[in-house]
Structures are given as structure tokens and as C-alpha cells.
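# Analysis of the macromolecular model
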Amino acid sequence: MNTAEFKFQSSNKSVQNLSVTWQTPSNIALVKYWGKSDPQIPKNASISFTLNNCHTTTTIEFSKIAKNENAQFELFFEGKKKDDFKPKIANFFERIQEYCSYILEYNMVISSENSFPHSSGIASSASGMSAIAMCLMSLEKQLSPNITESFINKKASFLARLGSGSASRSIEGPLVVWGKHAKIEDSSDLFGVKFPYKAHPIFENYCDTILLVDKGEKQVSSTVGHNLMYNHPYAEQRFLQANNNLEKLTEILQNGDIKNFINLVESEALTLHAMMLTSNPYFILMKPNTLEVINKIWEYRNENDSNICFTLDAGANVHVLYPNSEKTDIELFIKNDLANYCQKNQYICDSVGLGAKPQ
Ligand code: DP6
């Protein structure tokens, strides 16, 4: 695998102090990434919608220091020093230092905040890691002014992946593919690429309302979760199925076949959970209200000839997906009915977005 293009070449530019701020989005996978090998290489290709309202805003203040052996940094989350997040970030910096040797020559003060409530059960690793990656690329641009925007996005995705796999899909939008796939030109296991075909207008401004069914800490960390796919009896079939589903979805996204979209997306969500039900150790990540909500969605869809559907990530929260043209009716249904199954009636209305923004 050719990672040489991502190695920073020393430059004669010097930057003493720099403060940069990026806002980067969360994403929701339609075809799921579940299973990886070292270093953060996915077992199958995945695709996600980039979100608009769920994002992380991160500032890094870089100050030049004498070269160190390890990255020097401090971490603040929502205004408070967060030493318990440090090991994960230290590990990330260690992984990326061969590609960003300059980080060893700076002290970094990292301050982050999320737009979504803390411990809402919404994974923040994708937006969190992609924001740091974009900030690093802003410094790299100062050190190497000739790098192009497309290289910046590609390398940011490459770096973000080394922090969290799904973070590789949190740089651009509205649809991003990560993982080598025959039908997606230039796709790679190393970084995410924008879906290269024109999506049907029905998928424009597609809506995603996240129902906060369970705001607790994740029952299964992503590392433990992905490891469950080692020696899993259905693993190889699952990886094949995911790649086939991505091929089918590539057509569906272009021709606007919404019924098949719904079928594929819901099947992917349930398959992800089926993998956890059938691994050893085994986990049930849905809660009773997750099932209540799914049944309500199916009932509403049948009774109203609607195109509402759901997807899940590795938890109990439900992402309700629907075309923008059905927004008014479905948001009423969510408010009056589905909200009752959420903790404190809380949910977050979101829609598909375009990716990272400098602040
Ligand atoms: C279920 O990206 O959180 O959300 O690479 O270990 O950080 P790591 O895993 P992570 O896994 C996300 C899994 C998922 C499906 C998906 O987003 O594709």
C-alpha cells in the first residue's frame, strides 16, 4: 500500500505560532464499516451521509519548541481540561508522526467542543479526529504552501482514519466512500473519497433525525466491537455482502429508487446489530425503545405510503432518514409520537451536509 505520498517533506518555511479552527461533521453510514485490520484498514468498503448540524469545532494553537520525541499537547473539552481523553490522542499522534514529523516541533493546545450534547450516545470520534486532522493540515499548508486543496482533504482523511476509521468519512460531503471498491473510481482503504457519481435529486438535503433513545456510555467500545469480527462465523459473508450492497447502493443513489434505498439501508443497520448478536462475547445494543421506534416507523411508512426509514450505529439511538420533501409531515410524527421513546424526549434534527469548514 502506497503511503509514501503522505509523508511530509521538510520545507524551508518556518512558522513560530499559529492558531487554527475547524468545524468538522459527524457522519452516518448507510453501508457499515464493521471489521478492520491493522493499521485501521477496513474489511469492506462503506459509504456515509455527511451530517450538517452534528459537528465538532476544534482550535489548535501551535507554538514552536525544540524537537521532542513525543507530541507535546494539552487538551480542553468544552472549556475544561480533559486529561482522560489524552491517551487516545497521544496514540493518534504517535501513529501519524511518520506522516507529520512537524508535530514533534510544536506545543499544541487543543480546544474542542461538540454541537451535540455530551454523552448523547452520538459517536464523537469521527468529528473529533477529523477536526484535529484538518487543523494539522492547516499548519502543513503554511509549511508547504504548494499543497493543493485536494491533497489537503485526502491527507486529512488519511490522518483522521488513523485516529478512527469512520473519521476518514468526515472531511467532505455529502456522500463519502471509504474502502477500496471496484465500482468507485479512486476509492482506497487509506482515505475517504467523495461519491463520484451524481446523486438523484431525491437525496438532496436528505434528512436525518437522531432519536436519543439511550444517552448512556457506549456498551461496546469501537475497538472491542471491530475485534468481534475476528473469528466471527459470519465475517467473510458479511464483508462480501457489504461490498455487494455498496455496489447496489451506487446504482440506487443515481437512479433514485427510494424503495430499494430503504430496504438496503435498514438491512445494513439490522445486519450490523446481527453481527453483534452472533459474536462471542455477544451484545444486544438495542433497547426496548429502539424496537418500539422501528415498529412505529414501519407502521407509519405503511399507513402513509411514506419513504421514512431508519439506520442504527453501534448503539440504541435511531437515525430516522427521510427525503426533504416529506420533512413537514415526518417531523410532526417524530415530535408527537417518536419523541416519547427518547430519553427526556430529546432528538436532534439534522440533514446531509458538505463537510469540513474553516472557522
Ligand atoms: C458502527 O470508526 O468508531 O459506526 O476505527 O475503531 O474508531 P474505529 O471505529 P469507528 O467504527 C464505526 C462503526 C459504525 C459503522 C460506521 O460508521 O461505518
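Residues numbered from 1 in each chain as written. Predicted model: local features only at pLDDT ≥ 70, side-chain atom pairs only at ≥ 80, totals over all residues. Heavy atoms only, no water.

### Focus: the site of the ligand
Put simply, the rule is: Here a residue is considered near a molecule or strand provided that any single heavy atom belonging to it is located within 4 Å of it. N or O atoms closer than or at 3.5 Å make up a polar contact, with two conditions inside protein: a donor-capable atom paired with an acceptor-capable one, and, for residues adjacent in sequence, both atoms drawn from side chains. All accessibility values rest on the Shrake-Rupley procedure with a 1.4 Å probe; residue burial counts only the protein chains present in the view. The classification used treats Ala, Val, Leu, Ile, Met, Phe, Trp, Tyr, Cys and Pro as nonpolar, Asp, Glu, Lys and Arg as charged, and all other residues, Gly among them, as polar. Domain limits in this description derive from either an automatic procedure or a database domain assignment.
By nearness alone, 16 residues border the ligand, and Tyr-33, Lys-36, Ser-164, Gly-165 and Ser-166 come closest of all. With respect to the ligand, the side chain of Arg-169 contributes an N or O atom lying 2.7 Å from an oxygen atom. In the complex, 92% of the free accessible area of the ligand, which totals 460 Å², lies under the protein chains. In terms of residue class, the shell around the ligand is built from five nonpolar, seven polar and four charged. Here the shell around the ligand spans two domains, and each of domain 1 (4-198) and domain 2 (207-351) adds at least three residues to it.

### Side note on the packing of aromatic side chains
Let me state the cut-off plainly: For Phe, Tyr and Trp, where Trp contributes only its six-membered ring, two rings pair if their centres lie within 6.5 Å, and the inter-plane angle classes them as stacked under 30 degrees, edge-to-face over 60, or tilted in between. Remark: exposure states derive from per-residue accessible area (1.4 Å probe, protein chains only) relative to the maximum for the residue type, with buried under 20%, exposed over 50%, and partly exposed in between.
Enumeration over the complete set of coordinates arrives at 18 aromatic pairs. Plain terms: the ring middles of Phe-77 and Phe-85 are 5.6 Å apart, the flat faces sit at 55 degrees to each other, and that makes the pair tilted. On the accessibility criterion, Phe-85 (33% relative accessible area) is partly exposed. A ring pair is formed by Tyr-99 and Phe-158, whose centres lie 4.8 Å apart and whose planes are at 90 degrees; its orientation type is edge-to-face.

### Considerations on the sheet that holds strand 12 (residues 318-322)
For clarity, the cut-off: Only strands that DSSP links by at least two bridges are regarded as paired with each other. Helix and strand assignments come from DSSP, with helices taken as H or I runs of at least 4 residues and strands as E runs of at least 2, each series counted from the N terminus. Interaxial angles span 0 to 180 degrees and are taken between N-to-C directions of axes, which are lines fitted to C-alpha atoms, for helices over the stretch in contact.
The sheet built from four strands is open, its strands ordered 11-12-10-13 with antiparallel pairing. In the strand order of this sheet, the two ends are held by strand 11 (309-312) and strand 13 (347-351), each with one partner. Taking the axes of each pair of neighbouring strands and ignoring which way they run, one obtains an average angle of 25 degrees across the sheet. Inspection of the sheet shows strand 10 (residues 207-211) paired to strand 12 by five bridges, in the antiparallel sense. Within the sheet, the bridge partner assigned to Ile-210 lies in strand 12 and is His-319.

### Some words on the side chain of Ser-168
Short version of the rule: Contacts are assigned to residue pairs with any non-hydrogen atoms lying within 4.5 Å of each other.
By the secondary structure assignment, Ser-168 is in the loop between helix 3 (149-163) and strand 8 (175-178). Under the relative-accessibility criterion, Ser-168 is labelled buried at 1%. A polar side-chain atom of Ser-168 sits 2.8 Å from the main-chain carbonyl oxygen of Gly-165. In contact with Ser-168, not counting residues within four places along its chain, are Ser-157, Ala-160, Arg-161, Val-176, Trp-178 and Gly-192.

### A few points about the environment of Thr-58
As for its position among the elements, Thr-58 is in strand 4 (residues 46-64). The spacing of Thr-58 and Tyr-234 is 176 residues in sequence and 39 Å in space, taken between C-alpha atoms. Apart from residues no more than four positions distant in its own chain, Thr-58 is found in contact with Val-20, Thr-21, Trp-22, Ile-110, Ser-111, Ser-112, Ala-131, Ile-132 and Cys-135. One polar contact links Thr-58 to Ser-112, side chain to side chain, over a distance of 2.5 Å.

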